[in-house]
Amino acid sequence: MVEFYKTIDGRVTELEGFTEGCWVNMVHPSSDEIDAIARAAHVEEEFIRAALDPEESSRVDTEDEQLLMIVDIPMVEKNSVEDGGQMFSTLPMGIVVGQTAVITICLEDSIILRSIAEGAVKGVHTALRTRFVFQILLRVAGRFLKNLRMIERDFSRIERRLYDSQKNEELILLLGLSKSLVYFSASLKGNEVTMEKVLRGRVLKLYEDDRDILEDALIEIRQAIEMAGIYSSILSGTMDAYASVVSNNLNIIMKVLTVLTIIMTIPNIIFGFYGMNIEGGIPGQWFWWVPLIISACACFFAWFMLKKKNLD
């Protein structure tokens, strides 16, 4: 899918085709669409294809007055939502700055770019290519922060259910959140390095107002890195604490079962001895209640001795 947008009269307006100063939004484009946009915008075709590799890391590349910037953006995995949980991952998004247009490329439609296309972001001017790119980066940083708050909210909700449930569902959800934080931490650090490289002004000409936007984005990225680290530590500590609680409960159950086994063994011994086939029978032909009384007394004595040693 290929969409064309341009700021007209202060509003982002969708166009039918490519024009100078527009923004081209490409979502999982075909080979024909890539060829057509590369020729129309006079950009390297390899720059567009680079962002279509899901394993591509965050980086900056320049060639012939063209800039390729790849940053990781947060995404919600659809399968996790259908399963009743919510797991996050990251996906590379390419930003190609040509001489006449800005091109964004991603494998999936992102809410970050969709909000810009729908006019939810104020002050967007697609013709001001440098500022427009930095506004995208600022939205990416803000989206990371928002998703981290969603992770913190989900974690608090799962934690409240965790200690009242002995099922594995909560642990699986916590593992999903932990995996999401790992993805976020790695992607945020890569984005930080990329933005710092751009901030030096060697790969893209910076204006004073544009520098402020990029610095704001960099501040939010660093804040997101710190939040991801804190949440990872809290999540790891909670899972370790829960593992200790489960282990302690298991030890208590095993101790109780062991005590019951010891006490229940005593009547078996006494009744087994009473029922032995001894020639001439047991002297006096004891009544049936005699071994019962002996068993009760022996069980009480065993329970008293175990309790005295705090083993009950």
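Here, every reference points to the structure presented above.
Let me begin by describing the structure that accompanies this report. Given the structure is predicted, the values throughout are model-derived calculations rather than measurements.

A short note on the nonpolar core
(1) Moving on: Counting residues in each nonpolar core, the largest one holds 61 residues, and the members touching the most others are M69, M93, I95, F134, L137 and L148.
(2) Moving on: Of all the elements in the fold, those that place two or more residues in this core are β5 (66-76), β6 (88-97), β7 (102-106), α4 (111-117), α5 (129-162), α6 (169-199) and α7 (208-274).
(3) Moving on: When residues of this core are assigned to their parent elements, the largest contribution, 15 residues, is made by α5.
(4) Moving on: Setting aside residues up to four positions removed in sequence, M93 forms contacts with A51, M69, I70, V71, I73, I105, C106, L113, I136 and V140.
(5) Moving on: Counting 19 residues, the second largest nonpolar core, distinct from the first, contains I34, A41, I48 and I70.

Quick word on a nonpolar patch on the surface
(1) Moving on: A grouping of L250, I252, I253, M254, V256, L257 and L260 is seen on the molecular surface, where their side chains present a nonpolar patch of about 630 Å² in accessible area.
(2) Moving on: Note that L260 resides in helix α7.
(3) Moving on: A residue is classified by how much of its surface remains accessible, and L260, at 46% relative accessible area, is partly exposed.

Considerations on the environment of V43
(1) Moving on: Tracing the backbone through its elements, the reader meets V43 in the loop between α1 (31-41) and α2 (45-50).
(2) Moving on: Exposure remark for V43: the relative accessible area of 8% places this residue in the buried category.
(3) Moving on: As a C-alpha pair, V43 and L67 span 24 residues in sequence and 9.1 Å in three-dimensional space.
(4) Moving on: Those residues in contact with V43 that lie beyond four places of it in its chain are A38, I48, Q66, V96, G98 and I103.

Comments concerning the side chain of Q66
(1) Moving on: By the secondary structure assignment, Q66 is in strand β5.
(2) Moving on: Within polar-contact distance, the side chain of Q66 engages the backbone oxygen of H42 at 3.2 Å.
(3) Moving on: With near-sequence residues (within four places) excluded, Q66 lies in contact with H42, V43, E44, F47, D61 and V97.

Concerning unusual backbone geometry
(1) Moving on: Phi at D9 takes a positive value of approximately 55°, unusual for a residue other than glycine.
(2) Moving on: Looking at the secondary structure, you find D9 in the loop between β1 (2-8) and β2 (11-15).

Quick notes on the packing of α5 against α6
(1) Moving on: Two numbers describe how α5 lies on α6: the axes approach to 11 Å, and their chain directions differ by 160°. Our classification of the angle between α5 and α6 gives roughly antiparallel. Where α5 crosses over α6, the handedness of that crossing is left-handed.
(2) Moving on: Class assignment for the residues of the contact of α5 with α6 results in 18 nonpolar, 4 polar and 3 charged.

Regarding the pattern of salt bridges
(1) Moving on: Summed over all chains, the structure comprises 10 salt bridges.
(2) Moving on: Residue R49 pairs with E45 through a salt bridge whose shortest N-O separation is 2.8 Å. Residue R49 and its partner E45 are located together in helix α2, separated by 4 residues, close to a single helical turn.
(3) Moving on: By relative accessible area, which is 35% here, R49 ends up partly exposed.
(4) Moving on: For E45, a relative accessible area of 27% corresponds to the partly exposed category.
(5) Moving on: D109 is the salt-bridge partner of R114, the closest N and O atoms lying 3.1 Å from each other.
(6) Moving on: Among the charged side chains, a salt-bridge network with shared partners connects E3, D109 and R114.

Rules of the game
Residues numbered from 1 in each chain as written. Predicted model: local features only at pLDDT ≥ 70, side-chain atom pairs only at ≥ 80, totals over all residues. Heavy atoms only, no water. Core = buried A, V, L, I, M, F, W, Y, C linked by side-chain atoms within 4.5 Å. Buried < 20%, exposed > 50% of the residue type's maximum accessible area, 1.4 Å probe, protein only. Helix = DSSP H or I, 4+ residues; strand = E, 2+ residues; numbered from the N terminus. Contact = heavy atoms within 4.5 Å. Patch = residues over 30% accessible without salt bridge, like charges linked within 9 Å, V, L, I, M, F, W, Y side chains within 5 Å. Areas by Shrake-Rupley, 256 points an atom, 1.4 Å probe, with all protein chains shown as cover. Salt bridge = Lys/Arg side-chain N within 4 Å of Asp/Glu carboxyl O. Polar contact = N/O pair within 3.5 Å; in protein donor to acceptor, adjacent residues only side chain to side chain. Axes fitted to C-alpha atoms, helices over the stretch in contact; angles between N-to-C directions. Parallel < 35°, antiparallel > 145°, perpendicular 65-115°, else oblique. Left-handed = near helix turned anticlockwise from the far one by under 90°. Nonpolar A, V, L, I, M, F, W, Y, C, P; charged D, E, K, R; others polar.

So, to be careful, I would describe these as geometric facts and stop short of saying anything about function.
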